[in-house]
Amino acid sequence: MATSNAQTAVSPAPATSQSSPLVMRIIGAVALAHLINDLIQSVLPSIYPMLKANYGLTFTQVGLITLTFQLTASLLQPWVGYYTDRHPKPYLLPAGMICTLIGILMMSQVGSFPLILLAAGLIGIGSSTFHPEASRVARLASGGRFGLAQSTFQVGGNAGSAFGPLLAAAIIIPFGQGNVAWFGLFAVFALVVLYGISRWYANHLSLFKLKQGQVATHGLSKGRVISALVVLGLLVFSKYFYMASLTSYFTFYLIEKFDLSVASSQLHLFLFLGAVAAGTFFGGPIGDKIGRKAVIWFSILGVAPFTLILPHVDLFWTSIVSVVIGFILASAFSAIVVYAQELVPGNVGMIAGVFFGLMFGFGGIGAALLGHLADIHGIEYVYMLCSFLPLFGVLAIFLPRTKKI
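A quick note: this is a predicted structure, and the numbers were derived from the prediction, not measured.

Calculation notes
- Residues numbered from 1 in each chain as written.
- Predicted model: local features only at pLDDT ≥ 70, side-chain atom pairs only at ≥ 80, totals over all residues.
- Heavy atoms only, no water.
- Helix = DSSP H or I, 4+ residues; strand = E, 2+ residues; numbered from the N terminus.
- Contact = heavy atoms within 4.5 Å.
- Areas by Shrake-Rupley, 256 points an atom, 1.4 Å probe, with all protein chains shown as cover.
- Axes fitted to C-alpha atoms, helices over the stretch in contact; angles between N-to-C directions.
- Left-handed = near helix turned anticlockwise from the far one by under 90°.
- Nonpolar A, V, L, I, M, F, W, Y, C, P; charged D, E, K, R; others polar.
- Buried < 20%, exposed > 50% of the residue type's maximum accessible area, 1.4 Å probe, protein only.
- Parallel < 35°, antiparallel > 145°, perpendicular 65-115°, else oblique.
- Salt bridge = Lys/Arg side-chain N within 4 Å of Asp/Glu carboxyl O.
- Expected span 1.5 Å × (residues − 1).
- pLDDT = per-residue confidence, 0-100.
- Phe/Tyr/Trp six-rings, centres within 6.5 Å; stacked < 30°, edge-to-face > 60°.
- Lys NZ or Arg CZ within 6 Å of the ring centre and 35° of its normal.
- Polar contact = N/O pair within 3.5 Å; in protein donor to acceptor, adjacent residues only side chain to side chain.
- Patch = residues over 30% accessible without salt bridge, like charges linked within 9 Å, V, L, I, M, F, W, Y side chains within 5 Å.

**Details of the overall build of the protein chain**
Right, on to step 1. Helices and strands together make up the secondary structure of the protein chain, namely 18 helices and 0 strands.
Right, on to step 2. Counting only contacts in the protein chain whose residues sit at least 6 apart along the sequence, the fraction spanning at least 24 positions is 84%.
Right, on to step 3. In the structure as shown, the protein chain presents an accessible area of about 15,600 Å², 71% of it carried by carbon and sulfur atoms.

Put into structure tokens, the structure is as follows:
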């Protein structure tokens, strides 16, 4: 079976099938590793209220924690992807998780703001090595169903981000910062999973000659491709600036506006992030069937009516509207990544790194900027301002229509 797969994968024609049980096992393992990776990362925003109280931090400093994590996660990712497109490094996956493990253990023990930033940076470095390589493995094991593979990979991360606040509310918030160390057990388990994935990847490198036989079939000029990538980048900007307002400050918004407890606000954050996970899962397969561009249109621009009413509704409708926002907005990212990968064939890791990097970078810059605005004008002003960001979705009109995408 391995010989047959090798012959199929190295031929110029796109691979249409691989051993189904093997493919699904690898995709599932990568999604599980993504779940654990993002569950650990979600500890950071989940404990912001505790860190703010313990160390007397301003909203600006809270935003700087997110900025440190997001920038270390974003700046390295395109370079990791670019390098590994040409020189695959299967065992970079567990190496990155070791960095994350060190960061999360440090976060449980630090006693000053600079050390909090250092721990956040280490977690970000672990993330920057994980996402490009793991996204590539998911695509390579897809058997040609790229949207399904990317969305399954992504939904693992979104599920981890959703469960993180719940676990933080149960384990860390009641008992203190030192209990962050328990999340190190998840990192150890992820190391085992990633080692198994890396062994499979290393044993199947001969199947995936990523730079050979990769010819663009979309018929677009280089300038048209570049302009399309710029539009996709602007759409990611609008999506993740808005997402930053929810992931970093939604608990503060609920506490200030509706006088909720920290634990209750975490539950609302969980509902939002759960909707994000569901939207991510459905976005990829739907894009395989109806086209990436249609999904991008619906996701970015279609969420605008709900973001515009969010600052004006009561607690009940805030919960409902935030879930709708999470579901619709999340459906775009898998479609954006696969669309971009098909625009620039042969650079799967680099494109994944660029767009995951933009996701983290815009999210981090957004968190820092919005935190500063919250200090000056209040958290409710931030949500009023951010409600207009999804209107950037109208830029999707400039994305080219092709036979392949």
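Still to come is the rest of the account.
**Concerning the packing of helix H13 (residues 292–302) against helix H16 (residues 332–343)**
Right, on to step 1. Packing of H13 against H16 leaves a shortest axis separation of 9 Å and a crossing angle of 145 degrees. H13 and H16 meet at a crossing whose hand is left-handed. Contacts between H13 and H16 involve Arg292, Lys293, Val295, Ile296, Ser299 and Ile300 from the former and Ala332, Ala335, Ile336, Val338, Tyr339 and Glu342 from the latter.
Right, on to step 2. The class makeup of the residues in the contact of H13 with H16 is 8 nonpolar, 1 polar and 3 charged.

**Here's the deal with the environment of Gln341**
Right, on to step 1. Along the polypeptide, Gln341 turns up in helix H16.
Right, on to step 2. On the basis of relative accessible area, Gln341 is assigned to the buried category, the value being 2%.
Right, on to step 3. Put simply, Gln341 and Ala352 are 11 residues apart on the chain and 7.6 Å apart in space, counted from C-alpha to C-alpha.
Right, on to step 4. Not counting the four nearest positions on each side in its chain, Gln341 is found in contact with Ser135, Arg139, Val348, Ile351 and Ala352.

**What about the environment of Phe163?**
Right, on to step 1. With respect to the helices and strands, Phe163 occurs in helix H9 (residues 146–172).
Right, on to step 2. Residue Phe163 is classed as partly exposed on the basis of its relative accessible area, which comes to 40%.
Right, on to step 3. In this view, Phe163 contacts Leu39 and Phe270; residues no more than four positions away in its chain are not counted.

**Remarks on unusual backbone geometry**
Right, on to step 1. Of note, Asp259 is a non-glycine position whose phi angle comes to about 60 degrees, a positive value.
Right, on to step 2. Within the secondary structure, Asp259 is located in the loop between helix H11 (222–258) and helix H12 (262–290).
Right, on to step 3. You can call Asp259 exposed: its relative accessible area is 69%.

**Here's the deal with the packing of helix H4 (residues 48–55) against helix H5 (residues 59–75)**
Right, on to step 1. Between H4 and H5, the least distance of the axes is 11 Å, while the angle of their chain directions is 130 degrees. Between H4 and H5, the angle falls in the class oblique. Pair H4 / H5 crosses with right-handed handedness. Residues Tyr48, Leu51 and Lys52 of H4 touch H5, and the partners they reach there are Phe59, Val62, Ile65 and Thr66.
Right, on to step 2. Considered class by class, the residues forming the contact of H4 with H5 number 5 nonpolar, 1 polar and 1 charged.

**Let's talk about the pattern of salt bridges**
Right, on to step 1. Evaluated as defined, the whole model comprises 2 salt bridges.
Right, on to step 2. The residue Glu342 makes a salt bridge to Arg292 at a minimum N-O spacing of 3.3 Å. Highlighted residues: Glu342 in helix H16 and Arg292 in helix H13, separated in sequence by 50 residues.
Right, on to step 3. Its relative accessible area of 16% is what places Glu342 among the buried residues.
Right, on to step 4. The class of Arg292 is buried, set by a relative accessible area of 8%.

**As for H9**
Right, on to step 1. The terminal C-alpha atoms of H9 lie 38 Å apart, and with 27 residues this matches the ideal 39 Å at 1.5 Å per residue to within 8%.
Right, on to step 2. Counted residue by residue, H9 has 21 buried out of 27 residues, so it is predominantly covered.

**With respect to the confidence of the model for the protein chain**
Right, on to step 1. When pLDDT is averaged across the protein chain, the result is 82; 90% of the residues are at 70 or more.
Right, on to step 2. Helix H14 (residues 304–309) holds the highest mean pLDDT among the elements of the protein chain, 94, whereas helix H1 (residues 2–9) holds the lowest, 38.
Right, on to step 3. Under a pLDDT of 50 for its full length, residues 1–22 has, in the predicted model, 26 contacts with residues more than four places off or in other chains.

**Overview of the packing of aromatic side chains**
Right, on to step 1. Overall, the coordinates contain 17 aromatic pairs when judged by the stated rule.
Right, on to step 2. Members of the aromatic cluster, each reached through a chain of ring pairs, are Phe250, Tyr253, Phe258, Phe272 and Tyr383.
Right, on to step 3. Between Lys52 and the ring centre of Phe59, over which it is positioned, the NZ or CZ distance is 4.7 Å.

**Regarding the side chain of Asn37**
Right, on to step 1. Mapped onto the elements, Asn37 comes out in helix H2 (residues 20–41).
Right, on to step 2. Of note is the side chain of Asn37, whose polar atom sits 2.9 Å from the side chain of Asp38.

**Examining the environment of Ile286**
Right, on to step 1. The residue Ile286 is located in helix H12 in this model.
Right, on to step 2. Judged by relative accessible area, which is 39%, Ile286 ranks as partly exposed.
Right, on to step 3. The spacing of Ile286 and Ala335 is 49 residues in sequence and 8.9 Å in space, taken between C-alpha atoms.

**Description of a nonpolar patch on the surface**
Right, on to step 1. Taken together, the side chains of Phe281, Phe282, Ile286, Ile290 and Phe327 define a hydrophobic patch exposed on the protein surface, amounting to about 460 Å² of accessible area.
Right, on to step 2. The greatest single-element share of the nonpolar patch, amounting to 4 residues, is contributed by H12.

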